[in-house]
Amino acid sequence: MQVSEEIIRDVYRGLLGREPENEDVVRMHAASGRTLAETLASALQSEEFRSRFRAPGDPARIGRHLEARENRVEVDCTPDQEQAMFERIARHWQSFGETEPYWSVLTNPLFFKDTLPEHIDGFFEHGRSDVERSLNYLRRADLACEHVERALDFGCGVGRLTVALARYANTVVGVDISPGHLREAEKSAARFGIDNAQFRLISNVADLDTIGNFDLIVSRIVLQHNPPPVMAALYRKLLGCLRPRGMAVVQMPTYIAGQSFAVAPYLSGPEEPMEMNALPQHEIFSIIEASGCRVIEVRECSHLGDVDGISHTFAVQRRA
């Protein structure tokens, strides 16, 4: 049986000890199609619940999959393979951009075209919250992120983060692989009266060499939809776009239970319209070091939905 809005409120009050953030969040959970058992399981597995009720020092608070001994992910590939993987992902996201651009960003039934108008404010409020949390990584390190010259929203989609980043930069650039998403992003900027936003379409990883340098880069729930070699190549290019002392806050999965990745079988195998992949942490740290950056903070985060794995947000700063 699908849960009602009142049950969602009761779950928040009973298990998390607080009221829901807002009514849009309540409606979003109620429309998810989850059963009561699934809703309770999600709340019980959340970091918020674990932090509230588990004793200090309980290893379960640290995270899952501490017993994992393998993370079989191939990252090296040829330039032709990289481009083939990039184009494969682009085809699907360009299709989403023409059919369900908002839902493809936040996969909740509320953001389908037919229900979007009454929930669009909640959609962009979610983006504002994500930007604030991203900047908190930098604020905690006393880094000057409140006003920068140029900011980048990589994988901007319909501008969910771009419109929130605009208040912190003289110029904010949104980059995406989907023309349909970018058309919506331009509408979003106009809707919110944003006049300092620019949008760019890229057709390959190397296009990031043409977008200039930035003081601040933010990317969330984007790299995870690319194959690991493309994730690595994009992250390397993004850090290369940082100005001296520039800052980047980028989220990506680092482990998915039972998943392995090899380039050749992937390219010859069936395509998934919206795939989820992980880039191992040792690969990420190698890229950070090779890019002349220092780690500011790394935090496990919950951006994998129902996928059994681990996601992290990496805050780094380019050295002078």
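Residues numbered from 1 in each chain as written. Predicted model: local features only at pLDDT ≥ 70, side-chain atom pairs only at ≥ 80, totals over all residues. Heavy atoms only, no water.

Looking at an unreviewed UniProt entry, the protein carries the name Class I SAM-dependent methyltransferase, with the source organism given as Sphingomonas quercus.

Draft legend 1. The pairing of strand β1 (residues 148-154), seen in detail. Counting buried residues along β1, six of its seven residues qualify, which places the element largely inside the surrounding structure. Relative to strand β2 (residues 169-176), β1 runs parallel, the two being bridged by six bridges. Following the sheet pairing, Ala151 is matched in β2 by Val172. Here three bridges tie β1 to strand β4 (residues 214-219), and the two strands are oriented parallel to one another. Each bridged residue has a counterpart across the sheet, and for Leu152 the counterpart in β4 is Ile217. (Buried < 20%, exposed > 50% of the residue type's maximum accessible area, 1.4 Å probe, protein only. Helix = DSSP H or I, 4+ residues; strand = E, 2+ residues; numbered from the N terminus. Pairing = 2+ DSSP bridges.)

Draft legend 2. Looking closely at the sheet that holds β1. One open sheet accounts for seven strands, arranged β3-β2-β1-β4-β5-β7-β6; its pairing is mixed. Taken across any chain shown, the strands that pair with only one partner, and hence form the sheet edges, are β3 (197-201) and β6 (293-301). The average undirected angle you get between the axes of adjacent strands in this sheet is 20°. Sheet analysis places strand β5 (residues 242-256) next to strand β7 (residues 309-318), joined by nine bridges and oriented antiparallel. Bridge pairing in β7 places Met252 opposite His312. Strand contacts of helix α9 (residues 179-191): β2 and β3, with the helix running at about 175° to β3, the strand carrying the most contacts. Along the sheet face, helix α12 (residues 281-290) touches β5, β6 and β7 and points at about 10° away from the line of β7. (Axes fitted to C-alpha atoms, helices over the stretch in contact; angles between N-to-C directions. Contact = heavy atoms within 4.5 Å.)

Draft legend 3. View of the packing of aromatic side chains. Summed over the entire model, instances satisfying the criterion amount to 10 aromatic pairs. Here the aromatic rings of Phe111 and Phe123 are separated by 5.2 Å at their centres, their planes lie at 80°, and the arrangement is edge-to-face. With a gap of 12 residues between them, Phe111 in the loop between α6 (101-105) and α7 (120-139) and Phe123 in helix α7 connect regions that are remote in the sequence. Accessibility classification places Phe111 together with Phe123 in one group, the buried group. (Phe/Tyr/Trp six-rings, centres within 6.5 Å; stacked < 30°, edge-to-face > 60°.)

Draft legend 4. Focus on the environment of Ala169. By the secondary structure assignment, Ala169 is in strand β2. Separated by 20 residues in sequence, Ala169 and Glu149 have C-alpha atoms that sit 5.3 Å apart. Beyond its immediate sequence surroundings of up to four residues, Ala169 is in contact with His147, Val148, Glu149, Ala151 and Asn196.

Draft legend 5. View of the environment of Asn71. Its location among the elements puts Asn71 in the loop between α4 (47-53) and α5 (79-99). Classification of Asn71 as partly exposed rests on a relative accessible area of 27%. When sequence neighbours within four positions are dropped, the list of residues in contact with Asn71 reads Thr254, Tyr255 and Pro280. Here the side chain of Asn71 touches Thr254 through a polar contact of 3.0 Å, landing on its backbone oxygen. (Polar contact = N/O pair within 3.5 Å; in protein donor to acceptor, adjacent residues only side chain to side chain.)

Draft legend 6. Representation of a nonpolar patch on the surface within the structure. Residues Phe285, Val295 and Val298 make up a contiguous nonpolar surface patch of roughly 200 Å² in combined accessible area. Along the chain, Val298 falls in strand β6. (Patch = residues over 30% accessible without salt bridge, like charges linked within 9 Å, V, L, I, M, F, W, Y side chains within 5 Å. Areas by Shrake-Rupley, 256 points an atom, 1.4 Å probe, with all protein chains shown as cover. Salt bridge = Lys/Arg side-chain N within 4 Å of Asp/Glu carboxyl O.)

Draft legend 7. Region of the structure containing the packing of helix α10 (residues 228-240) against α12. Close contact between α10 and α12 brings their axes to 9 Å; oriented N to C, the two are set at 25°. Between α10 and α12, the angle falls in the class roughly parallel. For the pair α10 and α12, the sense of crossing is right-handed. From α10, Ala232, Tyr235, Arg236 and Leu239 reach across to α12, where they touch Ile284, Ile287 and Ile288. (Parallel < 35°, antiparallel > 145°, perpendicular 65-115°, else oblique. Left-handed = near helix turned anticlockwise from the far one by under 90°.)

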